[in-house]
Amino acid sequence: MNHPPVTLPRLTALARQAAPKLLEGVVAPLAVFYLAMMVLGFKWALIATVAWVYLGVAWRLIRGVRVPATMFLAAVAVTVRALVAFWTGTWMWYFIQPEMGTICLSMAFLASVRLNKPLVQKLTLDYIHLPSAVLKHERVRRFFARITLLWAFVLLMNSTLSIVLAVHEYLAGSLGTFMVLRTSAVAVISGLAIAFSIFAFKRVLHRLHIAHN
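Conventions and cut-offs
- The residue count restarts for each chain, going from 1 along the sequence in the order it is written.
- Residue-level local features of this predicted model are given only where pLDDT is at least 70; pairs of side-chain atoms are given and counted only at 80 or more, and the full residue set underlies all totals for whole chains, interfaces and linings.
- In computing side-chain properties, one takes all heavy atoms of the structure into account and sets aside hydrogens as well as water.
- Helix numbering and strand numbering both begin at the N terminus, where a helix is a DSSP run of H or I of at least 4 residues and a strand a DSSP run of E of at least 2.
- Whether a residue is buried, partly exposed or exposed follows from its accessible area with a 1.4 Å probe, protein chains only, as a fraction of its type maximum: under 20%, in between, or over 50%, in that order.
- Residue contacts follow a heavy-atom distance rule, with two residues in contact if any of their heavy atoms lie within 4.5 Å.
- The Shrake-Rupley method, run with a 1.4 Å probe sphere, supplies the accessible areas, and residue values consider only the shown protein chains as cover.
- Only the six-membered ring of Trp is used, alongside the rings of Phe and Tyr, when aromatic pairs are assigned; centres must lie within 6.5 Å, and planes under 30 degrees apart are stacked while those over 60 apart are edge-to-face, with the rest tilted.
- Working rule: Lys NZ or Arg CZ, within 6 Å of ring centre, within 35 degrees of ring normal, means a charge sits over the ring.
- Helix axes are fitted only over the stretch in contact, all axes being lines through C-alpha atoms; the angle between N-to-C directions runs from 0 to 180 degrees.
- Any angle that falls under 35 degrees is termed roughly parallel, while one over 145 is termed roughly antiparallel, one within 65 to 115 roughly perpendicular, and all others oblique.
- Each crossing is labelled by how the near helix is turned from the far one, with a counterclockwise turn of less than a right angle marking it left-handed and a clockwise turn marking it right-handed.
- Three categories are distinguished: nonpolar for Ala, Val, Leu, Ile, Met, Phe, Trp, Tyr, Cys and Pro, charged for Asp, Glu, Lys and Arg, and polar for the others, with Gly belonging to the last.

To continue, consider the overall build of the protein chain. Counting its regular elements, the protein chain contains eight helices and zero strands. The order of helices and strands in the protein chain, counted from the N terminus, is α-α-α-α-α-α-α-α. Relative to its 213 residues, the protein chain shows a buried fraction of 35%. Restricting the contact set of the protein chain to residue pairs at least 6 apart, pairs at least 24 apart contribute 70%. Split by element, the accessible area of the protein chain, about 13400 Å² in all, is 70% carbon and sulfur.

Okay, the packing of aromatic side chains next. For the structure shown, the criterion picks out 10 aromatic pairs. When the centroid spacing of 4.9 Å and the interplanar angle of 0° are considered together, the rings of Phe 33 and Tyr 94 count as stacked. One end of the pair, Phe 33, is in helix 1 (residues 11–39); the other, Tyr 94, is in helix 4 (residues 91–114), and 61 residues separate them in sequence. Note on Phe 33: relative accessible area 1%, which makes it buried. Judged by centre distance (5.2 Å) and plane angle (90°), the ring pair of Tyr 94 and Phe 95 falls under edge-to-face. Judged by relative accessible area, Tyr 94 falls into the buried class, the value being 4%. Members of the aromatic cluster, connected to one another through ring pairs, are Phe 33, Trp 91, Tyr 94, Phe 95, Tyr 170 and Phe 178. Sitting above the plane of the Phe 86 ring, Lys 43 keeps its charged end 4.9 Å from the centroid. The ring of Tyr 94 carries Arg 81 above its face, with NZ or CZ at 4.0 Å from the centroid.

Examined against the element boundaries, Ser 159 turns out to sit in helix 7 (residues 138–172). Taking the relative accessible area as the measure of exposure, Ser 159 reaches 0% and is therefore buried. If sequence neighbours within four positions are ignored, Ser 159 has contacts with Glu 99, Thr 102 and Ile 103.

Close contact between helix 4 and helix 8 (residues 175–207) brings their axes to 11 Å; oriented N to C, the two are set at 20°. What the angle tells us is that helix 4 and helix 8 run roughly parallel. In the crossing of helix 4 with helix 8, the sense of the turn from one axis to the other is left-handed. Of the residues in helix 8, those in contact with Trp 91, Phe 95 and Glu 99 of helix 4 are Leu 175, Phe 178 and Arg 182. Broken down by class, the residue content of the contact of helix 4 with helix 8 amounts to four nonpolar, no polar and two charged.

Written out as structure tokens, the structure reads:
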């Protein structure tokens, strides 16, 4: 196969790029919600969390930094979540709502495999350039189909587990326990899936003799 070698970005570089977004978009909103819940109560926790997201958007607009479309979608999503939770008066529905969306996403992953357009391949190409000759290779096509199936089940597992924990801990009256258990479980399951995906991708590249020696 005559084409330049393909390499994966270093894990440390990917971690440096992902860490700030993870802290701002995932960890910080959960921390804001929990702390505000403990100090001010449920409704103020919703307001504080929504305010955090919109402050992030406003800060970028003030500095003249481009706001990703996903951030606008996140702002709309958290607003809807907060309104539903405010209306129902329960923190359980605040956390269950996004899980329903994730279940729909897992179905989209499954459908993409059926349509021979695996979503993991599209997501990978946003970060790594792969020559068309590589993408057409049967081994690579099978890899992306299988990894997409893997992530469909990972998303479904994470969401199902989160919903079960939310209902159980809501009935037990323990928001703190829910957040610790849910965050830990999702981190372990997703971390293992990420590690396996990277290992499998490197193995495929090595077998095609296109990784650096």
